[in-house]
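# Structure assessment
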Amino acid sequence: MDATTLNHKLVFPAAVTGIQEFQQASAEAFCNLAALTLVMGSQDAYTQGHGRRVAAYAERIARRIGLSAEEIETLRIGGLLHDIGKITFSRKLLTNTRTRLSASMRAEIRRHPEIGRELLKVLNMAEPVIDCVYYHHERLNGTGYPRGLKADQIPLGAKIISVADCFDALTTDRPYQRGKRPVDALQTLKHLVGRNLCPELTRVFSADVRENGLERPLETNLQSARLVVV
Ligand SMILES: [Fe+2]
């Protein structure tokens, strides 16, 4: 499979296609990125670590399906920032340890893609990155949020991040649940194929995890150090 078999909409806008312009845009985006991740980490250490791992998994999928260097960069930044909208979460929600959430907590959670999009727009982030952030909770069957988009309506970058996001959420310890073993998490991803996740991307990702292992939970930079799958 290659990227052309998927809904391939990750290209940068025309204004950022020249290499020099791309480097300048990247430098500006990098400064914004550093500031945002600092703020995010001070609010919520889990989300910061989760963003780094999701970025690394998304990059691995992108490389495996043959996306371009610019598209890979989009995925790395989109993965890192996908939950940036959570920086406005209340302390009550960030420290919650219960599995059952109140209606107001659920509503607060569902707003984070929209808040992320608004924040990144103000910071002049590239549109494909914003799409990754805004659409990462859409589901193939249309039951996701914020827009309830279906299958091919969902941008490729958001579908890649969705697979990476699910897997990392399943394999890491949270205050309200123990992380699953990688083999069990891959099995869970399989059950989500078709309803939530893109079948081709999930297959590509599962093969990659079996070959190359997991990103470390306590990783402190974007260079991936990996754990073997057991
Ligand atoms: Fe999210």
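A quick note: this is a predicted structure, and the numbers were derived from the prediction, not measured.

### Observations regarding unusual backbone geometry
At the junction of Y145 and P146, the peptide bond is cis and its omega measures out at 10° in the coordinates. Along the chain, P146 falls in the loop between α7 (127-134) and α8 (156-171). Unlike most non-glycine residues, N124 shows phi in positive territory, near 60°. Of note, N124 is situated in the loop between α6 (112-122) and α7. You will see that A151, though not glycine, has its phi angle at about 25°, which is positive. As for its position among the elements, A151 is in the loop between α7 and α8.

### Examining the side chain of T172
Along the chain, the position of T172 falls in the loop between α8 and α9 (182-192). A polar side-chain atom of T172 sits 2.6 Å from the main-chain carbonyl oxygen of D168. Aside from chain neighbours lying at most four places away, what touches T172 is Y46, R53, Q177, R178 and G179.

### Observations concerning the coordination of the iron ion
Protein-derived ligands of the iron ion are D83 (OD), H112 (NE2), H136 (NE2) and H137 (NE2), with the metal-ligand distances lying across 2.1 to 2.3 Å. Here the iron ion is ringed by 4 donor atoms whose angles at the metal span 85 to 177°, and the overall shape comes out irregular. A relative accessible area of 22% places H137 in the partly exposed class.

### A few points about the confidence of the model for the protein chain
Averaged over the protein chain, the pLDDT score is 82; the fraction of residues at 70 or greater is 80%. Counting interchain partners and residues more than four positions distant, the pLDDT-below-50 stretch residues 4-19 has 39 contacts. Confidence over residues 219-225 falls short of pLDDT 50; this stretch has 13 contacts with residues more than four positions distant or in other chains.

### Focus on the packing of helix α2 (residues 45-64) against helix α10 (residues 199-212)
Contact geometry of α2 with α10 gives a least axis separation of 10 Å together with a crossing angle of 110°. Classed by the angle they form, the pair α2 and α10 counts as roughly perpendicular. Here Y57, R60, I61 and R64 of α2 lie close against α10, whose contacting residues are L201, V204, F205, A207, D208, V209, E211 and N212. Its residues placed into classes, the contact of α2 with α10 shows 7 nonpolar, 1 polar and 4 charged.

### Some details on the nonpolar core
Of all hydrophobic cores here, the largest spans 34 residues; its most connected members are L67, I160, F167, L189, L201 and F205. Here the element with the most residues in this core is α8; it accounts for 8 residues. By size, the runner-up hydrophobic cluster in this structure holds 12 residues, among which are L36, L120, I130 and V133.

### Some points on the pattern of salt bridges
Taken as a whole and judged by the stated rule, the model has 14 salt bridges. Between R60 and D208 there is a salt bridge; the shortest N-O distance is 2.6 Å. In this pair, R60 sits in helix α2 while D208 sits in helix α10, placing the two residues 148 residues apart along the sequence. This pair shows no difference in class: R60 is buried, exactly as D208 is. K86 is the salt-bridge partner of D83, the closest N and O atoms lying 3.3 Å from each other. Looking at D83, the relative accessible area reads 3%, which means it is buried.

### Quick look at the packing of aromatic side chains
Counting across every chain of the model gives 4 aromatic pairs. With centroids separated by 5.4 Å and ring planes inclined at 85°, the aromatic side chains of Y57 and F205 adopt a geometry described as edge-to-face. With Y57 in helix α2 and F205 in helix α10, this pair connects stretches of sequence that are 148 residues apart. Assessed through its relative accessible area of 0%, Y57 is described here as buried. Given a relative accessible area of 0%, F205 falls into the buried group.

### Thoughts on the side chain of E59
Along the polypeptide, E59 turns up in helix α2. Polar contacts involving the side chain of E59 include one to the side chain of R76, which spans 3.0 Å. Once residues lying within four places of it in the same chain are set aside, the contact partners of E59 are I72 and R76.

About the thresholds
Residues numbered from 1 in each chain as written. Predicted model: local features only at pLDDT ≥ 70, side-chain atom pairs only at ≥ 80, totals over all residues. Heavy atoms only, no water. Helix = DSSP H or I, 4+ residues; strand = E, 2+ residues; numbered from the N terminus. Polar contact = N/O pair within 3.5 Å; in protein donor to acceptor, adjacent residues only side chain to side chain. Contact = heavy atoms within 4.5 Å. Donors = N, O, S within 2.8 Å, 3.2 Å for Na, K, Ca; no water. Tetrahedral: all angles 85-135°; square planar, octahedral: opposite > 155°, others 65-115°. Buried < 20%, exposed > 50% of the residue type's maximum accessible area, 1.4 Å probe, protein only. pLDDT = per-residue confidence, 0-100. Axes fitted to C-alpha atoms, helices over the stretch in contact; angles between N-to-C directions. Parallel < 35°, antiparallel > 145°, perpendicular 65-115°, else oblique. Nonpolar A, V, L, I, M, F, W, Y, C, P; charged D, E, K, R; others polar. Core = buried A, V, L, I, M, F, W, Y, C linked by side-chain atoms within 4.5 Å. Salt bridge = Lys/Arg side-chain N within 4 Å of Asp/Glu carboxyl O. Phe/Tyr/Trp six-rings, centres within 6.5 Å; stacked < 30°, edge-to-face > 60°.

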